[in-house]
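# Overview (structure and organization)
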Amino acid sequence: MGACVYTVPQDEIKYLAAYKIMLEQKLTFAAMPPSTLYYLRPYFPSIHLPDLKYSLLGGEPFPEELAAGWEHCVPHAIIQNIYGPTEVAINCLIYDWNGPRGTRKAHNGTVSIGKPFGTNVARVLNDRMEPVKPFETGELWMGGGQVSPGYWNNQEPDRKAFSGINYRGRTMRFYRTGDMVTIDGEGDIMFLNRRDEQVQVQGYRVEPGEIEQIARKHLDGMNVVAMGIENRPGEMKLYLLVEGEKIDQKSLMQFLSDRLPHYMVPAKVVVLSEFPRLVSGKLDRKALFQIVKVE
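These figures come from a predicted structure and were not determined experimentally. (Residues numbered from 1 in each chain as written. Predicted model: local features only at pLDDT ≥ 70, side-chain atom pairs only at ≥ 80, totals over all residues. Heavy atoms only, no water.)

Each helix and strand counted, the protein has seven helices and 17 strands in total. Across the 295 residues that make up the protein, the buried fraction comes to 47%. By sequence separation, contacts in the protein at least 24 residues apart represent 58% of the contacts at least 6 residues apart. Of the roughly 16,100 Å² of accessible surface on the protein, a fraction of 51% belongs to carbon and sulfur atoms. One way to put it: in the protein the 34 positive side-chain charges average out to a point 3 Å from where the 35 negative ones average out. (Helix = DSSP H or I, 4+ residues; strand = E, 2+ residues; numbered from the N terminus. Buried < 20%, exposed > 50% of the residue type's maximum accessible area, 1.4 Å probe, protein only. Contact = heavy atoms within 4.5 Å. Areas by Shrake-Rupley, 256 points an atom, 1.4 Å probe, with all protein chains shown as cover. Lys, Arg positive; Asp, Glu negative; His and termini not counted. Charge placed at Lys NZ, Arg CZ, Asp CG, Glu CD.)

Pasting the structure below:
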């Protein structure tokens, strides 16, 4: 059997073009970042793609509210959350949200990134390079046949990003992803945040994902990002960014204050009509950081 590959034209609005291609070409397989679904979300009630068999979402955290809404648009598709950095040849973990093996697992409102497939191996290690126990937090390291041999002519980043780790009695090359995760009792991996995005407020470790989950409940699933900015040495402030035209900030802050400890309540809410994104369609967190920094 043959197959065709369809890509979104560069000169068109990406999310509308993606939907048009899926609908008109009766695609059976589609891969896109969750950001595309955020733009399509207002149209979910009228979207119906019965031909789609596999819907892969990856490249950034996948909110469970988005997965639940998209599920009604693709009634015959298995929705899969895929994970993998470029250094591990793109995709190395996979999780079925629905379908025969689907269990709809999420942590702080973010769909699980699942388990390794193929020759991929995952290790979750603490700062002492020891495996963590189930439900403890650690950093995700990936090993196996897909791991890159290293950065071209750049030994310093190599030493920081790649390391030989003992796995089942032999040394295997692993890549340090920089992603903080936890593993549940069934071995499924839950994404928490990036290591460089960890936030410490008043001596407490704060998970931005927890703030985002509560905010999305009040904002009916709108796209939000929580982040910490150290404006002065030792003074970390939390900000909540909301993608939209207009919101009732007073009502939102009251909602958050009623449900979060005082140290997790954002100091400020920043509303942007549209979040900056990379060419791939993924959220540009560095650009968001700069926007907040000059606020």
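So that's the structure; there's more coming.
With that settled, the discussion passes to the packing of aromatic side chains. For the coordinates displayed, the defined rule picks out six aromatic pairs. Clustering of aromatic rings is evident, with ring pairs tying together Tyr-151, Phe-162 and Tyr-175. Just above the ring of Phe-255 sits the side chain of Arg-259; from NZ or CZ to the centre is 3.6 Å. (Phe/Tyr/Trp six-rings, centres within 6.5 Å; stacked < 30°, edge-to-face > 60°. Lys NZ or Arg CZ within 6 Å of the ring centre and 35° of its normal.)

At Ala-89, a position not held by glycine, the phi torsion is positive, near 50 degrees. In this structure, Ala-89 sits in the loop between β3 (78-83) and β4 (93-96). Despite not being glycine, Met-129 shows a phi value in the positive range, around 65 degrees. Take Met-129: it is sitting in the loop between β8 (121-125) and β9 (137-143).

In the contact formed by helix α5 (residues 208-218) and helix α6 (residues 249-259), the axes pass within 10 Å of each other and the chain directions differ by 130 degrees. One finds that α5 runs oblique with respect to α6. Between α5 and α6 lies a crossing whose hand is right-handed. Contacts between α5 and α6 involve Ile-211, Ile-214, Ala-215, Lys-217 and His-218 from the first element and Ser-251, Leu-252, Phe-255, Leu-256 and Arg-259 from the second. Taken together, the residues that form the contact of α5 with α6 break down as six nonpolar, two polar and two charged. (Axes fitted to C-alpha atoms, helices over the stretch in contact; angles between N-to-C directions. Parallel < 35°, antiparallel > 145°, perpendicular 65-115°, else oblique. Left-handed = near helix turned anticlockwise from the far one by under 90°. Nonpolar A, V, L, I, M, F, W, Y, C, P; charged D, E, K, R; others polar.)

Right, let's talk about helix α1 (residues 14-24) for a bit. Those residues of α1 that sit buried are Tyr-15, Ala-17, Ala-18, Tyr-19, Ile-21 and Met-22. On its buried side, α1 packs onto β1 (29-32), α2 (34-40) and α3 (64-73). Positive phi shows up at Lys-26, right after α1, with a value of about 50 degrees.

It is worth spelling out the environment of Phe-289 at this point. Here Phe-289 lies in helix α7 (residues 285-293). Placed 60 residues apart in sequence, Phe-289 and Ile-229 show a C-alpha to C-alpha distance of 7.9 Å. Aside from chain neighbours lying at most four places away, what touches Phe-289 is Met-227, Gly-228 and Ile-229.

The subject of this paragraph is the pattern of salt bridges. A complete count under the given rule lists 16 salt bridges for this structure. With its nearest N and O atoms 2.4 Å apart, the salt bridge here joins Glu-186 to Lys-105. With Glu-186 in the loop between β11 (170-183) and β12 (189-194) and Lys-105 in the loop between β4 and β5 (106-107), this pair connects stretches of sequence that are 81 residues apart. Overall, Glu-186 belongs to the exposed group, its relative accessible area being 56%. We note a salt bridge from Asp-188 to Lys-115, for which the minimum N-O separation is 3.0 Å. Separated by 73 residues along the polypeptide, Asp-188 in the loop between β11 and β12 and Lys-115 in strand β7 (residues 115-116) bring together distant segments of the chain. Exposure remark for Lys-115: the relative accessible area of 35% places this residue in the partly exposed category. What you see here is one network of salt bridges that share partners, running through Lys-105, Lys-115, Asp-184, Glu-186 and Asp-188. (Salt bridge = Lys/Arg side-chain N within 4 Å of Asp/Glu carboxyl O.)

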